[in-house]
Amino acid sequence: GSEMCIRDRTPYLELDQLARRDAQRFPKKRYLFQRLLSDRGKHFTGITGPRGAGKTVLLKQLLSEFDNSFYLSLDTLNDDLFDLIRILQRDFGIQHFFLDEIHSIPDAHAQLKKTYDFLNVRVTFTSSVALAMHASSYDLARRVLLHKLDNFSLAEYIYFKYDQKLPTLTLEQILAGNNLQKFMPAAAYFNEYLNGANLPFALQEQRPLLLLQNILDKIIQHDIPTLHALRVDELPVIRDMLTFIGRSGVDGINYTSISGNLKITKYKARQYLELLEKAFVVRQIF
C-alpha cells in the first residue's frame, strides 16, 4: 500500500529544483553555514530558531553543497515521510535529505527515529519551534544534534547590509576598553539595528514590522498549536498577551500582572509564556 500512497513524485522533484535555483539568489552565508558544512558523522542535524531568521535559506544553501541531496518542504507533504525518503533513496540514489519545517508534520519525532534506525541516509532539518529531543518517548538525544540560528548579530547585519566585515569583539576587549577604534563603524549602525534590522527578513522588506505581524500570526495560528493542544478561543488571548508585554515597562511584566490584565489564571499565563518561548517569540529572564 505504501508504494501507492506516493502517487506522483513530480511535484516534489519540481520543488527541489526550485530550492536549488532559489539558493543562487543568496550568495552571502550566515555564521552557522561553515559549522554545518563541516559537520560529519551519522547523526541527523537540526536547525532551530525564530521564523524569519533565515533557516530556509541556510537549508537551501547547504543543499547545493552536497551530491545526491534532496529538498523537501514538509508543510507541502501529502505522503508518509519515511516512505517518501525510502523510495527517493531507492529510485534516485538520494543520500542527504534537507527537510524544511519538520514540526509541520504531527509525528515528527517518530518519523525521524524510524528514518535514523532503518534507512542509511543523512538528514538536516529546520524547525521554528524548540524541539525536545529527549523529552518524548522517542529519545533522539544521541541521534540528533541541534543548532540554533538566531537573528542577526550586529556584525552580521553590517556584513549583509553594507558588505563590511568587522573583526570579532570579545567581552574581554570591551572590559579592557583599549583599541576599540576599529569597531567604531559599528556604532553608527547600532540604532537602525535595534529598530528591527536585526531580523534577517527585514533586508528585503520596506516595511518589516508589517511582515513581522504576519509572522506572529503564523506562529500563533500554526506553530503554537503543534506544541500543545489548545482551544481555538485561547489563541486570541495569546495574541493579547504579546500586545500587553510589548506595551509594558520591563518591571511591569510578571505572572501576576499578565494574569490580572488578561483575566486568566497564573497557571495559564505561565503556560502561554512557555509556548511563546518555545516558538522563540519571548525569552523569560528571572
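Below: a short report on this structure. Computed from a prediction, not measured in an experiment: that's the story for all the values here.

1. Observations concerning the nonpolar core
With 28 residues, the main nonpolar core has Leu81, Phe97, Leu99, Ile102 and Phe125 as its most contacted residues. Looking at this core, the elements with two or more residues in it are strand 2 (69-73), helix 5 (81-92), strand 3 (96-100), helix 6 (108-118) and strand 4 (122-127). The element best represented in this core is helix 5, accounting for five residues. Residue contacts for Leu81: discarding those within four places in its chain leaves Leu72, Leu74, Leu99, Ile102, Ile105 and Gln111.

2. Some points on the side chain of Asp16
The residue Asp16 is located in helix 2 (residues 10-23) in this model. If sequence neighbours within four positions are ignored, Asp16 has contacts with Leu63, Ser69, Phe70 and Tyr71.

3. Digging into the pairing of strand 3
Most of strand 3 sits inside the fold, with five of its five residues counted as buried. Residues His96, Phe98 and Asp100 line one face of strand 3 and the alternating positions Phe97 and Leu99 line the opposite face, and both faces are buried. Pairing of strand 2 with strand 3 involves five bridges; the strand directions are parallel. Pairing of Tyr71 across the sheet is with Phe98, part of strand 3. At this point the chain moves from strand 2, through helix 5, to the parallel strand 3, and the crossover so formed is right-handed. Relative to strand 4, strand 3 is paired through four bridges, and the arrangement is parallel. Looking at the pairing, Leu99 lines up with Phe125 of strand 4. Once the chain exits strand 3 it traverses helix 6 before rejoining the sheet at strand 4, and the crossover so formed is right-handed.

4. Overview of helix 13 (residues 266-278)
In a regular helix each residue adds 1.5 Å, so 13 residues correspond to 18 Å; helix 13 covers 18 Å between its end C-alpha atoms and thus fits that length. Those residues of helix 13 lying buried are Ala269, Gln271, Tyr272, Leu273, Leu275 and Leu276. Those residues of helix 13 that are buried are in contact with helix 10 (208-227), helix 11 (235-247) and helix 12 (255-262). One or two residues past the end of helix 13 sits Phe280, with phi positive at roughly 60°.

5. A short note on the packing of aromatic side chains
One pass over the structure, following the stated rule, counts eight aromatic pairs. Centroid distance Phe44 to Tyr116: 5.2 Å. Interplanar angle 70°. Geometry classified as edge-to-face. Of this pair, Phe44 sits in strand 1 (residues 44-48) while Tyr116 is found in helix 6, placing the two residues 72 residues apart along the sequence. Both residues of the pair, Phe44 and Tyr116, belong to the buried class. Ring geometry for Tyr162 versus Tyr189: centroids 4.3 Å apart, planes at 15°, classification stacked. Taken together, the positions of Tyr162 in helix 7 (residues 154-162) and Tyr189 in helix 9 (residues 184-197) put the pair 27 residues apart, joining distant regions of the chain. One residue, Lys28, lies across the ring of Tyr159, its end atom 4.9 Å from the ring centre.

6. Some details on the pairing of strand 4
Counting buried residues in strand 4 gives six out of six residues, a clear majority hidden from the surface. Burial of the side chains of strand 4 extends over both faces: Arg122, Thr124 and Thr126 are buried on one face and Val123, Phe125 and Ser127 on the other. One ladder, built from four bridges, connects strand 1 with strand 4; its direction is parallel. Bridging across to strand 4, Thr48 finds its partner in Ser127.

7. Considerations on the sheet that holds strand 3
The strand order 2-3-4-1-5 describes an open sheet built from five strands, whose pairing is parallel. Each end of this open sheet is capped by a strand with a single partner; those strands are strand 2 and strand 5 (144-148). Strand after strand, the sheet turns through a mean of 15° between neighbouring axes, direction not considered.

8. Remarks on the packing of helix 11 against helix 13
Interaxial distance between helix 11 and helix 13 falls to 11 Å at its minimum, and their mutual angle equals 80°. Relative to helix 13, the element helix 11 is oriented roughly perpendicular. Here Val237, Ile238, Met241, Leu242 and Ile245 of helix 11 lie close against helix 13, whose contacting residues are Ala269, Tyr272, Leu273 and Leu276. The class makeup of the residues in the contact of helix 11 with helix 13 is nine nonpolar, no polar and no charged.

9. Focus on the pattern of salt bridges
Tallied over the entire structure, the rule returns 16 salt bridges. The salt bridge partner of Arg25 is Asp22, with a shortest N-O separation of 2.7 Å. Overall, the relative accessible area of 57% leaves Arg25 in the exposed class. The partner of Asp83 in a salt bridge is Arg86, with the nearest N and O atoms 3.5 Å apart. Note that Asp83 and Arg86 are positioned in helix 5 at a spacing of three residues, about one turn of the helix. Three or more residues joined by partner-sharing salt bridges are found here, namely Asp22, Arg25 and Lys60.

Procedures and definitions
- Residues numbered from 1 in each chain as written.
- Predicted model: local features only at pLDDT ≥ 70, side-chain atom pairs only at ≥ 80, totals over all residues.
- Heavy atoms only, no water.
- Core = buried A, V, L, I, M, F, W, Y, C linked by side-chain atoms within 4.5 Å.
- Buried < 20%, exposed > 50% of the residue type's maximum accessible area, 1.4 Å probe, protein only.
- Helix = DSSP H or I, 4+ residues; strand = E, 2+ residues; numbered from the N terminus.
- Contact = heavy atoms within 4.5 Å.
- Pairing = 2+ DSSP bridges.
- Right-handed = clockwise from strand over helix to strand, strands pointing away.
- Expected span 1.5 Å × (residues − 1).
- Phe/Tyr/Trp six-rings, centres within 6.5 Å; stacked < 30°, edge-to-face > 60°.
- Lys NZ or Arg CZ within 6 Å of the ring centre and 35° of its normal.
- Axes fitted to C-alpha atoms, helices over the stretch in contact; angles between N-to-C directions.
- Parallel < 35°, antiparallel > 145°, perpendicular 65-115°, else oblique.
- Nonpolar A, V, L, I, M, F, W, Y, C, P; charged D, E, K, R; others polar.
- Salt bridge = Lys/Arg side-chain N within 4 Å of Asp/Glu carboxyl O.

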